[in-house]
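Examining the three-dimensional arrangement
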Amino acid sequence: MSAHPKLEEPLVEGHKDYATVTNEVCKPLESFPTKLWWYAFLTSATIMGFGFSMIGYMLYKGVGMSGIRSPVNWGMMIITFVFWIGIGHAGTLISAILFLFRQKWRTAINRSAEAMTIFAVMCAGIFPLIHTGRPWYSFYWLFPYPNTMGPLWVNFRSPLLWDVFAVSTYFTISAVFWYTGLVPDLATVRDRSKHWLRKKIYGILSLGWRGSGRGWHHYEIAYWILAGLSTPLVLSVHTIVSFDFAVSIIPGWHTTIFPPYFVAGAIFSGFAMVVTLMVIAREVFGLKEYITLNHLEVMNKIILATGMMVGLAYATEFFIAWYSGVPYERFIFIQRAMGPYAWSYWIMVGCNVLSPQFFWVKKFRRNIPLMFVLSLFVNVGMWFERFVIVVTSLANDYLPSSWNYFRLSPWDYGVLLGSFGMFFTLFLLFCRFLPTISMAEVKSVMPSKEGHHG
Amino acid sequence: MAKKQICVVGYYFSTGAILEAARKTKQRAFEKFDTFTPFPVHGMEEAMGMKRTTLPYVSFAAGCMGLGAAIGLEVWTHAFSWPMNIGGKPLLAIPAYVPIFFELTVLLCGVTTAVVMFTKYLGLPCHSKPIFHPDITNDRFALAIEVGSDEEIEPVKKFLREIQASDIHHVEGGL
């Protein structure tokens, strides 16, 4: 009998045993995909195809097809790049940081969240490549390969290059972490496979894993090390992305608040995307007893907390701009709220600061349609935050004679939409071929049959 | 003459039971034994008498190599190979080099840890070792003891019956 007055709520509802967990999680992989999956997949694949053809056409005709004009020389591409990288951060936070804090509830969502990270980073990675206009040269321009042209080297002192290393490292380590966690579950799928080809493919992917106790020991330590590495990595990646702006001299960009502000914003937008995906996935795949209302409630609390941090950052920027007395800095913040881009600024504030406030009320935190709508608002708001940062500061910087109004071109919209199509296509494929919940980890936090033995 | 390898396997259905069985097997001084579980069981390292893994030292060494590689790359390219004055910044701009120092350290450490863990410590990929029961990755816990000859099978099976294993059988192949 527990002496603690509050009964600990079960992490997995429904008094399941281990075999039930395996059956329920593996069911979407083993049955032919439903009509719903096909509709969703064909829709997102079409959008992805449309986006890619837009990219192809833009590369053929020239990057001027996008709305980028002087003085706004960075447009949709960098906005969407930062947006997708930010979304990826929630996945690593859930897998790595919550693991280090021993938050057992992460086990139901960490596999999907890490998958989301990898797909988000893949979507983000397209933009630096295509924004060069000649992506086939991107490798030569971005990576320090040995050459005889001097030898010519990339500029290691530039945040644009720190980005290259940071995003590549982030993608690689996230993929390695994800795959390492997948191996035992792939072995489970292998052992359940009836068809010889399925058994062979999952067999190769699971490396012949047998669940050996000695193996688990080394495996767990490796998992701890990867989690411990991923934690500073996720903080550093978005910090480095924020340096793209912070090391410049543009008013509204050159502030030291950017690293923590961007990281908090990334976690904020990432969790909103996780909520969006989990609300859909638990419904479609019947995983409500694993991804429970408690899980969603905790995620909404995190959304509220990080949303407040982002709101605080907005207020701090504004205050420091006034306090500094620098006329350009003061001007840019007033211009953001009341100038030609005021519409985007107030969308941003409404979506990021106001909409999460609903989550103070427990009833709203546990209301599925409301949290789904609010998570979409937060995603929209966070895209607009990057829009506001990039576009307003460039459009109205030091010399009024250089000012101009920037509009996204139809090709910008097409490519932006295409990136969402790619993200959802990849996620739907993941749901079809891989177990969306980490079975081994969920089983390890479920109570054992005869109660907990030390 | 090739050394014979035979695994004698018994099954359990809860974490408490497999921990107890592992303890008893260790007490009986069987050296070549292992447990097979669908998830890592808390307390198994003590029960089996496992020594702590040396993987963290490998990770640390890999991290140092990553840092060394990053320092070498940035310092050599910018201070020796083709020094250039970029925006008045010093040739050895250490604060500017730090982000890439960090990233390459993490990259080499992480990738090496995962690769070495699977290949050297777990011996994977390996598709030739026997899978004792398909439910080991589902809800069954197994204890396997390796013996070197047919004569040793029966005494080990007797021991497994003593420690209440179910579905005891033996199979050719190593642990």
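Here the structure is shown first, and the text comes after it.
In this text the structure is predicted, and so the values were computed from the model without any measurement.

**Points about the overall build of chain B**
Counting secondary structure elements, chain B contains 5 helices and 4 strands. Listed N to C, the secondary structure of chain B is β-α-β-α-α-α-β-α-β in terms of helices and strands. Taking 16 Å as the expected radius of gyration for a compact globule of 175 residues, we find that chain B reaches 25 Å, considerably beyond that expectation. Sorting the 175 residues of chain B into buried and exposed places 50% on the buried side. Look at the contacts in chain B between residues 6 or more apart in sequence, and 77% of them connect residues 24 or more apart.

**Focus on a nonpolar patch on the surface**
Residues Trp136, Tyr137, Phe139, Tyr140, Trp141 and Phe143 of chain A make up a contiguous nonpolar surface patch of about 660 Å² in total accessible area. Tracing the backbone through its elements, the reader meets Phe139 of chain A in helix H5 (residues 138-142).

**Some words on the interface of chain B and chain A**
Across the contact, 72 residues belong to chain B and 60 residues belong to chain A. Surface buried jointly by chain B and chain A totals about 5600 Å² across both partners, of which 68% is contributed by carbon and sulfur atoms. Where chain B touches chain A, the interface holds 0 salt bridges. For the pair chain B and chain A, the interface holds 24 residue pairs in polar contact (both at pLDDT 80 or more). Of all the elements in the fold, those that place two or more residues in the side of chain B that touches chain A are helix H1 (15-27), strand E2 (33-36), helix H2 (44-48), helix H3 (55-81) and helix H4 (94-121) of chain B. Among the elements that line the side of chain B that touches chain A, the one with the most residues is H4 of chain B, at 17 residues. Grouping the amino acids of the side of chain B that touches chain A by side-chain chemistry returns 45 nonpolar, 16 polar and 11 charged.

**Side note on empty space enclosed by the protein**
The gaps of empty space that remain are located by a probe, the size of a water molecule, rolled over the atoms. Tallying each qualifying case throughout the model produces 8 cavities of 30 Å³ or more. What the largest cavity holds in volume is close to 70 Å³. Taken together, Gly213, Trp216, His217 and Glu220 of chain A together with Thr35, Thr37, Pro40, Val41, Met44, Glu45 and Met50 of chain B make up the full set of residues lining the largest cavity. The dominant element in the lining of the largest cavity, judged by the number of residues it contributes, is helix H8 (residues 213-246) of chain A, at 4 residues. Its residues assigned to classes, the lining of the largest cavity shows 5 nonpolar, 4 polar and 2 charged.

**Here's the deal with the pattern of salt bridges**
Within this structure, the stated rule accounts for 19 salt bridges over all chains. Across the pair Arg28 of chain B and Glu162 of chain B runs a salt bridge whose closest N-O atoms are separated by 3.6 Å. Pair noted here: Arg28 of chain B is in the loop between H1 and E2 and Glu162 of chain B is in helix H5 (residues 153-162), with a separation of 134 residues, a long-range link. Residue classification places Arg28 of chain B among the partly exposed residues on the basis of a relative accessible area of 45%. Two residues, Asp167 of chain B and Arg140 of chain B, come together in a salt bridge whose shortest N-O distance is 2.8 Å. Taken together, the residues span a long stretch of sequence, with Asp167 of chain B in strand E4 (residues 166-172) and Arg140 of chain B in the loop between H4 and strand E3 (141-147) at a distance of 27 residues. By relative accessible area, Asp167 of chain B is classed as partly exposed at 47%. Accessibility expressed as a relative area gives 11% for Arg140 of chain B, which makes it buried. Salt bridges linked by common partners bring Glu297, Lys362, Arg365 and Arg366 of chain A together as one network.

**A look at the sheet that holds E4 of chain B**
All names here are of chain B. Here we have 4 strands laid out as an open sheet, ordered E2-E3-E1-E4, and antiparallel in their pairing. Edge positions in the sheet fall to E2 and E4, since each of these pairs with one other strand and no more. Taken pair by pair, the neighbouring strands of this sheet meet at an average axis angle of 20°, ignoring direction. Taken together, the 7 bridges between strand E1 (residues 6-12) and E3 define a ladder with antiparallel strand orientation. Bridging from a neighbouring strand, Cys7 pairs with Glu146 of E3.

**Quick look at the nonpolar core**
One finds Phe81, Trp84, Tyr261, Met278, Met299, Trp383 and Phe423 of chain A to be the most contacted residues of the largest nonpolar core, which totals 189 residues. At 17 residues, helix H3 (residues 76-100) of chain A tops the list of elements feeding residues into this core. Excluding anything up to four places from it in sequence, Phe423 of chain A contacts Trp84, Met116, Phe119, Ala120, Cys123, Met273 and Leu277 of chain A. Among the nonpolar cores identified, the runner-up in size contains 8 residues, and Cys7, Val9, Phe132 and Ala144 of chain B belong to it.

**Here we look at H3 of chain B**
Since the α-helix packs 3.6 residues into each turn, any two residues three or four apart lie on the same face. Here H3 of chain B contains 27 residues, and its C-alpha end-to-end distance of 36 Å stays within 8% of the 39 Å for a straight helix at 1.5 Å per residue. Along its length, H3 of chain B shows its largest kink, about 30°, at Val75 of chain B. When H3 of chain B is considered as a whole, its buried residues turn out to be Leu55, Ser59, Ala62, Gly63, Gly66, Ala70, Glu74, Val75, Thr77, His78, Ala79 and Ser81 of chain B. On its buried side, H3 of chain B packs onto H8 of chain A together with H4 of chain B.

**Things to note about the pairing of E1 of chain B**
Residues and elements named next belong to chain B. Judged by how many residues are buried, E1 sits mostly within the fold: 7 of 7 residues are covered. Residues Ile6, Val8, Gly10 and Tyr12 line one face of E1 and the alternating positions Cys7, Val9 and Tyr11 line the opposite face, and both faces are buried. Relative to E4, E1 is paired through 5 bridges, and the arrangement is antiparallel. If you follow Tyr11 over to E4, its bridge partner there is Ser166.

**Brief notes about the packing of aromatic side chains**
For the coordinates displayed, the defined rule picks out 60 aromatic pairs over all chains. Ring plane angle 65° and centroid distance 5.1 Å describe the contact between Tyr18 of chain A and Phe39 of chain B, whose orientation is recorded as edge-to-face. Of this pair, Tyr18 of chain A sits in helix H1 (residues 18-30) while Phe39 of chain B sits in the loop between E2 and H2, on two different chains. Each member of the pair, Tyr18 of chain A as well as Phe39 of chain B, is classed as buried. Consider the rings of Trp74 of chain A and Phe245 of chain A, whose centres lie 5.7 Å apart with planes at 90°: the pair is edge-to-face. Highlighted residues: Trp74 of chain A in the loop between helix H2 (35-61) and H3 and Phe245 of chain A in helix H8, separated in sequence by 171 residues. Of the residues examined, Trp74 of chain A reaches a relative accessible area of 21% and is grouped as partly exposed. By the ring-pair criterion, three or more aromatic residues cluster together here, those being Trp74, Phe245, Trp253, Phe258, Tyr261, Phe262 and Tyr314 of chain A. Stacked on the ring of Phe333 of chain A, the Lys or Arg Arg336 of chain A has its end atom at 4.9 Å from the ring centre.

**Quick word on unusual backbone geometry**
Excluding glycine, most residues fall at negative phi; most peptide bonds, likewise, are trans. In this chain, Gly150 of chain A is followed by Pro151 of chain A through a cis amide linkage whose omega measures -5°. Among the secondary structure elements, Pro151 of chain A is positioned in the loop between H5 and helix H6 (159-192). The omega torsion across Leu124 of chain B and Pro125 of chain B is 0°, close enough to zero to call that bond cis. Summarising the element assignment, Pro125 of chain B is placed in the loop between H4 and E3. Its identity as a non-glycine residue notwithstanding, Leu207 of chain A has a phi of 60°, on the positive side.

Definitions and cut-offs
Numbers given to residues run from 1 along each chain, matching the order in which its sequence is written. Each chain gets a letter, beginning with A, and each ligand a number, beginning with 1, in the order they are written. In keeping with the model being predicted, local features are shown solely for residues with a pLDDT of at least 70 and side-chain atom pairs are shown and tallied solely at 80 or more, while totals for entire chains, interfaces and linings include all residues. Neither water nor hydrogens contribute to the side-chain values; these are computed over all heavy atoms in the structure. Put simply, DSSP marks the helices as runs of H or I at least four residues long and the strands as runs of E at least two long, and each gets a number from the N terminus on. We compute the radius of gyration over the C-alpha atoms and compare it with the globule rule, which gives 2.2 Å times the number of residues raised to the power 0.38. A simple rule labels every residue: compare its accessible area, found with a 1.4 Å probe on the protein chains alone, to the largest value its type can have, and call it buried under 20%, exposed over 50%, or partly exposed in between. The contact criterion used throughout is that any non-hydrogen atoms of two residues lie within 4.5 Å. For patches, a residue must show more than 30% relative accessible area and have no salt bridge; joins then use 9 Å for like charges and 5 Å for nonpolar side chains, namely Val, Leu, Ile, Met, Phe, Trp and Tyr. Accessible areas in this description were obtained via Shrake-Rupley with a 1.4 Å probe; residue shielding takes into account the shown protein chains only. We define a salt bridge as a contact between a side-chain nitrogen of Lys or Arg and a carboxyl oxygen of Asp or Glu at a distance within 4 Å. Note: buried area is the sum, over both parts, of the accessible area (probe 1.4 Å) each one loses when the two are combined. Here a polar contact is taken to be a pair of N or O atoms separated by no more than 3.5 Å, where protein atoms must pair a possible hydrogen donor with a possible acceptor and residues adjacent in sequence count only if both atoms sit in side chains. When residues are grouped by polarity, Ala, Val, Leu, Ile, Met, Phe, Trp, Tyr, Cys and Pro land in nonpolar, Asp, Glu, Lys and Arg in charged, and all others, Gly among them, in polar. In this analysis the probe radius is 1.4 Å and the grid spacing 1 Å, with only protein atoms considered; a cavity is a set of points the probe fits into but cannot get out of, a pocket is an open set with protein on both sides within 12 Å along at least five of seven lines, and lining residues have an atom within 4 Å of a point. Grid points are joined across faces, edges and corners, and a volume is the space filled by probe spheres set on the points. Pairing between two strands is assigned when DSSP locates at least 2 bridges connecting them. Interaxial angles span 0 to 180 degrees and are taken between N-to-C directions of axes, which are lines fitted to C-alpha atoms, for helices over the stretch in contact. Only buried Ala, Val, Leu, Ile, Met, Phe, Trp, Tyr and Cys residues count toward a nonpolar core, and they belong to the same one when joined by side-chain atoms within 4.5 Å. Given the number of residues in a helix, its expected span is that number minus one, multiplied by 1.5 Å. Note that bend, as reported per residue, equals the angle between axes fitted to the 7 residues terminating at that residue and the 7 residues originating from it. Two aromatic rings from Phe, Tyr or Trp, using only the six-membered ring of Trp, form a pair when their centres are within 6.5 Å; if the ring planes differ by under 30 degrees the pair is stacked, by over 60 it is edge-to-face, and anything between is tilted. To sit over a ring, a charge needs its Lys NZ or Arg CZ within 6 Å of the ring centre and within 35 degrees of the ring normal.

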